[in-house]
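Below are the chains, spelled out letter by letter.
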Amino acid sequence: MSKSEESKKKSKKAAPKKTASKKGPSKEAKEFAAVKEALETEKDKYLRLFAEFENFKKRTSKERIELFKTAGQDVIIALLPVLDDFDRAIKEADKSENSSEYEGFRLISNKLGESLKSKGLEPVSLEIGETFDSEVHEAITQIPGGDDHKGKIIDVIEKGYKLGDKILRYPKVIVGQ
């Protein structure tokens, strides 16, 4: 080996070698990961808040529509006994000899009935002989009626009414036993 080659070897040995540090990710990489994680957390919070707000809007609009449908419910419930009184008065007037004297009752009854009907009040549909349904009818009493009347409505004591889809007063009926 020549002297020049030996000196090259020595100079190569003397030069410090560049090695990769085994300290882990750099400070900037750690900060970037932390910022990225914080961003994801904030995005998640934002999406949840937005979804919650959308649900709130839907729920309040649904409640508002329901409120408008049944706004006068308390007043209508208070007027139901008046309707019953008119029905009883008209039935008695039809039995009397001078039923024409009671024409004013009929007119007032019709006017009140039509006014309440325009607000959404409807009588619960019910026919004598129909099968008793505890979801829609209220049984006052049961009377023996034979096999053909068992579980069927024999008489209606008080009419039922509903406002929209909601039943305000269940019809009171007598059921065959």
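Computed from a predicted model, the values in this text were never measured in an experiment. (Residues numbered from 1 in each chain as written. Predicted model: local features only at pLDDT ≥ 70, side-chain atom pairs only at ≥ 80, totals over all residues. Heavy atoms only, no water.)

Peer 1: Even after reading the chapter, I still don't get the overall build of the protein chain, so can you show me in this structure?
Peer 2: Helix and strand content of the protein chain: 4 helices and 6 strands. Taken from N to C terminus, the helices and strands of the protein chain fall in the order α-α-α-α-β-β-β-β-β-β. In the protein chain, buried positions account for 16% of the 177 residues. Long-range contacts, defined as pairs at least 24 residues apart, comprise 62% of the intrachain contacts of the protein chain with a sequence gap of at least 6. (Helix = DSSP H or I, 4+ residues; strand = E, 2+ residues; numbered from the N terminus. Buried < 20%, exposed > 50% of the residue type's maximum accessible area, 1.4 Å probe, protein only. Contact = heavy atoms within 4.5 Å.)

Peer 1: I keep staring at the nonpolar core and nothing clicks. Help me out?
Peer 2: Across soluble globular proteins, nonpolar side chains have a tendency to be buried as a group. Counting 10 residues, the largest nonpolar core is built from Ile76, Leu80, Leu83, Phe86, Leu112, Leu116, Leu121, Tyr161, Leu163 and Leu168. If you list the elements that add at least two residues to this core, you get helix H3 (73–95), helix H4 (103–118) and strand E4 (161–163). Examining the composition of this core, we find that 4 residues originate from one element, H3, more than from any other. With residues up to four places along the chain from it excluded, the contact list for leucine 121 reads Ile76, Leu80, Leu83, Leu116, Tyr161, Lys162, Leu163 and Leu168. (Core = buried A, V, L, I, M, F, W, Y, C linked by side-chain atoms within 4.5 Å.)

Peer 1: What am I meant to see in the pattern of salt bridges here?
Peer 2: Pairing is possible between side chains that carry opposite charge, provided their charged atoms lie close to one another. In the structure shown here, the tally under the stated rule is 11 salt bridges. A salt bridge links lysine 45 to glutamate 42; the nearest nitrogen and oxygen atoms lie 3.8 Å apart. Taken as a pair, lysine 45 and glutamate 42 lie in helix H2 (residues 27–69) at a separation of 3 residues, close to a single helical turn. Using a relative accessible area of 46% as the deciding quantity, one classes glutamate 42 as partly exposed. The partner of arginine 48 in a salt bridge is aspartate 44, and the shortest N-O contact between them spans 3.0 Å. Linking arginine 48 with aspartate 44, this pair stays in helix H2, spanning 4 residues, or about one helical turn. Shared partners join several salt bridges into a network, and the residues in it are Asp84, Glu158, Arg169 and Lys172. (Salt bridge = Lys/Arg side-chain N within 4 Å of Asp/Glu carboxyl O.)

Peer 1: I keep staring at the side chain of histidine 137 and nothing clicks. Help me out?
Peer 2: Along the chain, histidine 137 falls in the loop between strand E1 (121–123) and strand E2 (138–143). When near neighbours in sequence (up to four residues on either side) are disregarded, histidine 137 contacts Leu126, Glu130, Thr131, Phe132, Ile153, Tyr170, Pro171 and Val173.

Peer 1: It is not clear to me how the sheet that holds strand E3 (residues 153–158) should be interpreted in this structure. Could you clarify?
Peer 2: In any sheet, the strands associate via hydrogen bonds between backbone groups, in a parallel or an antiparallel arrangement. The strand order E2-E6-E3 describes an open sheet built from 3 strands, whose pairing is mixed. Each end of this open sheet is capped by a strand with a single partner; those strands are E2 and E3. Neighbour-to-neighbour, the strand axes of the sheet open up by a mean angle of 25°, direction not taken into account. (Pairing = 2+ DSSP bridges. Axes fitted to C-alpha atoms, helices over the stretch in contact; angles between N-to-C directions.)

Peer 1: Looking at this structure, how should I read the sheet that holds E4?
Peer 2: Spatially, the 3 strands line up as an open sheet ordered E1-E4-E5, and their pairing is antiparallel. Edge strands, defined here as strands with exactly one partner in the open sheet, are E1 and strand E5 (166–169). Put simply, the sheet's adjacent strands are angled 35° from each other on average, direction ignored. Across 3 bridges, E4 lies against E5 in antiparallel orientation. Of the residues in E5, the one forming a bridge with leucine 163 is lysine 166.

Peer 1: What should I look at first to understand the packing of H3 against H4 in this one?
Peer 2: Geometrically, a packed helix pair is captured by the angle between its two axes and the distance between the axes. With their axes 10 Å apart at the nearest point, H3 and H4 run at an angle of 150° to one another. Between H3 and H4, the angle is such that the two are roughly antiparallel. Crossing handedness for the pair H3 and H4: left-handed. Residues Ile76, Leu79, Val82, Leu83, Phe86, Ile90, Ala93 and Asp94 of H3 form the contact with H4, whose own contacting residues are Phe105, Arg106, Ile108, Ser109, Leu112, Gly113 and Leu116. Partitioned by chemical class, the residues of the contact of H3 with H4 number 11 nonpolar, 2 polar and 2 charged. (Parallel < 35°, antiparallel > 145°, perpendicular 65-115°, else oblique. Left-handed = near helix turned anticlockwise from the far one by under 90°. Nonpolar A, V, L, I, M, F, W, Y, C, P; charged D, E, K, R; others polar.)

By themselves these figures say nothing about function.
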